[in-house]
Amino acid sequence: MLGNFTYCNPTKLYFGDESLQYLNTELPKYGKNVVLIYGGGSIKKNGIYDEVVEILKTNGKNVAEISGVMPNPTLEKLYEGVETARNHHADLLLAVGGGSVCDYAKAVSVSVNCDEDPWEKYYLKFEEPDCGIVPVGCVLTMVGTGSEMNAGAVITNHETKMKIGHVFADENIMPRFSILNPKYTLTLPHYQMVSGIYDIFNHICEQYFSGEDDNTSDYISEGLMRSVIHSSRIANKDPQNYEARSNLMWTATWALNTLVAKAKSTDWMVHMLGQAVGAYTDATHGMTLAAVSLPYYRFIMPYGLAKFVRFAKNVWDVDIAGKTDEQIAEEGLAAMESWMKELGLVMNITELGAKEEMLEGLAESTLILDGGYRVPQHDEIIGIFRSSL
Ligand code: NZQ
Ligand code: ZN
């Protein structure tokens, strides 16, 4: 490892099928006014809402609700939530849902006490909050984003067709606590389950395919990737398998709680491409990543060949005897492709609603980052999207 870094992750985690009881331990630490934030209603169908509300009542909390947080939460919805949290003088924002609900709670948290427009301040100028934040706690119901233990908050602006994530530098924006009960994820539809699985895998890839130094993080990443592949195959055949779902939940948290990025460069271009697709189509996050990944990785492979060879050997157990580096690297990606198809992931952006005439706009909407093996140029981005059609 050659880099210097500081590592602090203050989120307290409660994990397991009895973890919700620890909400009773956390709630007394905060004032009376709680804003309960959730999505489109899955928590009402599967009973999680009733369990949480009961605990809030037992703890004597004065509760306001923000419901209907949509997948890929929008700026309009953020403005609405900021109003609710202000009017309620919120002491705690309790997010019960997936990454969208957790991200949204963080975006509300940094905006409540702030006079400036949050889109302008956090998503265009990428400023840090300087106006006092409201603490966030999460009860996670969907696995993939890692939002339960990071300071990321992605918001979509439909008007300008931009989906932007701000990963705040201030660790106080990470949830104060997160409750991770794998049982809560068992009601997820198959489409969401596999989308989340690919999101986990891609978070690891984004932090793995960059840099050339010998770094502990890359060894951890290989272990996490092997675990995702193993558990995903079990969960794909038997979605009610608690052990596999529980491994996936834990791996998702470690894939994006900033640990495996320490002391190394990271890429994140697949997310930038996927977010552009999301801004245009509102498609499910993990599927946007799946649809653009292979064209992107085949594009950068020649520039980072040694890492792709290592990926083939250490993650996919590709037999290297008598093969060139290019052949080994390609076999690694072929193994990944067949795993993705086995899970039933969406493999092209056409299926997500993208069209040839959107290519220029998609490329315009893609933020270009420079952490990877090659900084893609505008026409190369168009080429990657075209190969993903
Ligand atoms: O809204 P409800 O009715 O709750 O339904 C949700 C939603 O339709 C449903 N769902 C969640 N838990 C369920 C369930 N259905 C049945 N049973 C359950 N237990 O699943 C659907 C998707 O939920 P969502 O929260 O949108 O999914 P996800 O966790 O993938 O979050 C996606 C958002 O997170 C952002 C994405 O861009 C996207 O906006 N990301 C956040 C990151 C971060 N904070 O670091 C990083 C990621 O790369 C990602 O960009
Ligand atoms: Zn992601």
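Fair warning: this is a prediction, and the values are worked out from it, not measured in the lab.

Analysis parameters
Residues numbered from 1 in each chain as written. Chains lettered and ligands numbered in written order. Predicted model: local features only at pLDDT ≥ 70, side-chain atom pairs only at ≥ 80, totals over all residues. Heavy atoms only, no water. Helix = DSSP H or I, 4+ residues; strand = E, 2+ residues; numbered from the N terminus. Rg over C-alpha atoms; globule rule 2.2 N^0.38 Å. Areas by Shrake-Rupley, 256 points an atom, 1.4 Å probe, with all protein chains shown as cover. Lys, Arg positive; Asp, Glu negative; His and termini not counted. Charge placed at Lys NZ, Arg CZ, Asp CG, Glu CD. Phe/Tyr/Trp six-rings, centres within 6.5 Å; stacked < 30°, edge-to-face > 60°. Buried < 20%, exposed > 50% of the residue type's maximum accessible area, 1.4 Å probe, protein only. Lys NZ or Arg CZ within 6 Å of the ring centre and 35° of its normal. Expected span 1.5 Å × (residues − 1). Donors = N, O, S within 2.8 Å, 3.2 Å for Na, K, Ca; no water. Core = buried A, V, L, I, M, F, W, Y, C linked by side-chain atoms within 4.5 Å. Domains from an automatic or database assignment. Contact = heavy atoms within 4.5 Å. Salt bridge = Lys/Arg side-chain N within 4 Å of Asp/Glu carboxyl O. Buried area = accessible area lost by both parts, 1.4 Å probe. Polar contact = N/O pair within 3.5 Å; in protein donor to acceptor, adjacent residues only side chain to side chain. Nonpolar A, V, L, I, M, F, W, Y, C, P; charged D, E, K, R; others polar.

### Focus on the overall build of the protein
In step 1: Across its full length, the protein carries 15 helices and eight strands.
In step 2: At 20 Å, the protein has a C-alpha radius of gyration in line with the 21 Å of a compact globule built from 389 residues.
In step 3: Along the longest, intermediate and shortest principal axes, the C-alpha atoms of the protein span 70 × 40 × 40 Å.
In step 4: In the structure as shown, the protein presents an accessible area of about 15,300 Å², 51% of it carried by carbon and sulfur atoms.
In step 5: The protein carries 31 positive and 50 negative side-chain charges, and their two centres are separated by 5 Å.

### Things to note about the packing of aromatic side chains
In step 1: Tallied over the full model, the rule gives 23 aromatic pairs.
In step 2: Pairing Tyr 30 with Phe 177 gives two aromatic rings, centres 6.3 Å apart and planes at 40°, and the pair type is tilted. Of this pair, Tyr 30 sits in the loop between α1 (23-26) and β2 (33-38) while Phe 177 sits in strand β8 (residues 177-180); the two residues are 147 residues apart in sequence, bridging distant segments of the chain. Residue Tyr 30 shares its accessibility class with Phe 177, and that shared class is buried.
In step 3: Through successive ring pairs, a cluster of aromatic residues spans Tyr 198, Phe 201, Tyr 208, Phe 209, Tyr 296, Tyr 297, Phe 299, Tyr 303, Phe 308, Phe 311, Trp 316 and Trp 339.
In step 4: In this structure, Lys 44 packs its charged tip against the face of Tyr 49, placed 4.6 Å from the ring centre.
In step 5: The cationic tip of Lys 307 hangs over the ring face of Tyr 208; the distance from NZ or CZ to the ring centre is 4.7 Å.

### Quick word on helix α5 (residues 99-111)
An α-helical turn contains 3.6 residues, so any two residues separated by three or four positions project in the same direction.
In step 1: Here α5 is 13 residues long and its end C-alpha atoms lie 18 Å apart, about the 18 Å a rise of 1.5 Å per residue gives.
In step 2: Counting buried positions over the 13 residues of α5 gives 12, a clear majority of the element.
In step 3: Within the span of α5, buried status applies to Gly 99, Val 101, Cys 102, Asp 103, Tyr 104, Ala 105, Lys 106, Ala 107, Val 108, Ser 109, Val 110 and Ser 111.

### Re the coordination of the zinc ion (ligand 2)
In step 1: Only Asp 199 (OD), His 203 (NE2), His 271 (NE2) and His 285 (NE2) from the protein reach the zinc ion (ligand 2) as donors, at distances of 2.0 to 2.1 Å.
In step 2: Here the donor residues of the zinc ion (ligand 2) share one chain and are spaced in sequence as D-x3-H-x67-H-x13-H. Taken as a pair, His 203 in helix α7 (residues 190-208) and His 285 in helix α11 (residues 285-300) lie far apart in primary sequence, 82 residues in all.
In step 3: Look at His 203 and you get buried, because its relative accessible area is 3%.

### Observations regarding the nonpolar core
In step 1: Residues Tyr 198, Phe 201, Tyr 297, Phe 311, Met 336, Trp 339 and Phe 385 are the most contacted members of the largest nonpolar core, which totals 106 residues.
In step 2: Per-element tally for this core: the top contributor is α11, with 10 residues.
In step 3: Taken domain by domain, this core gets at least three of its residues from each of domain 1 (12-185) and domain 2 (190-388).
In step 4: Once residues lying within four places of it in the same chain are set aside, the contact partners of Phe 311 are Phe 201, Tyr 208, Phe 209, Met 225, Trp 316, Gly 332, Leu 333 and Met 336.
In step 5: Core analysis: the next-biggest nonpolar cluster, separate from the first, contains 21 residues, Leu 27, Leu 94, Val 96 and Tyr 184 among them.

### Digging into the side chain of Arg 245
In step 1: Position of Arg 245 among the secondary structure elements: in helix α9 (residues 242-255).
In step 2: Buried charged residue Arg 245 carries no salt bridge. Nearest counter-charge: Asp 238, at 8.1 Å.
In step 3: Discounting chain neighbours no more than four positions away, the residues touching Arg 245 are Pro 182, Thr 185, Leu 186, Leu 188, Met 193, Ala 235 and Pro 239.

### A closer look at the domain arrangement of the protein
In step 1: Domain assignment breaks the protein into domain 1 (12-185) and domain 2 (190-388).
In step 2: Here domain 1 and domain 2 have C-alpha centroids that lie 27 Å from each other.
In step 3: The contact between domain 1 and domain 2 buries some 2,300 Å² in all, and 63% of this surface belongs to carbon and sulfur atoms.
In step 4: Three residues stand out in domain 1 for area buried against domain 2, namely Val 143, Lys 161 and Lys 163, and they jointly supply 25% of the buried area on that side.
In step 5: For the pair domain 1 and domain 2, the interface holds zero salt bridges.
In step 6: Where domain 1 packs against domain 2, one counts nine residue pairs in polar contact (both at pLDDT 80 or more).
In step 7: If you list the elements that add at least two residues to the side of domain 1 that touches domain 2, you get β1 (12-15) and β7 (162-167).
In step 8: Looking at the side of domain 1 that touches domain 2 element by element, the count peaks at four residues for β7.
In step 9: Tallied by class, the residues present in the side of domain 1 that touches domain 2 amount to 11 nonpolar, 10 polar and five charged.

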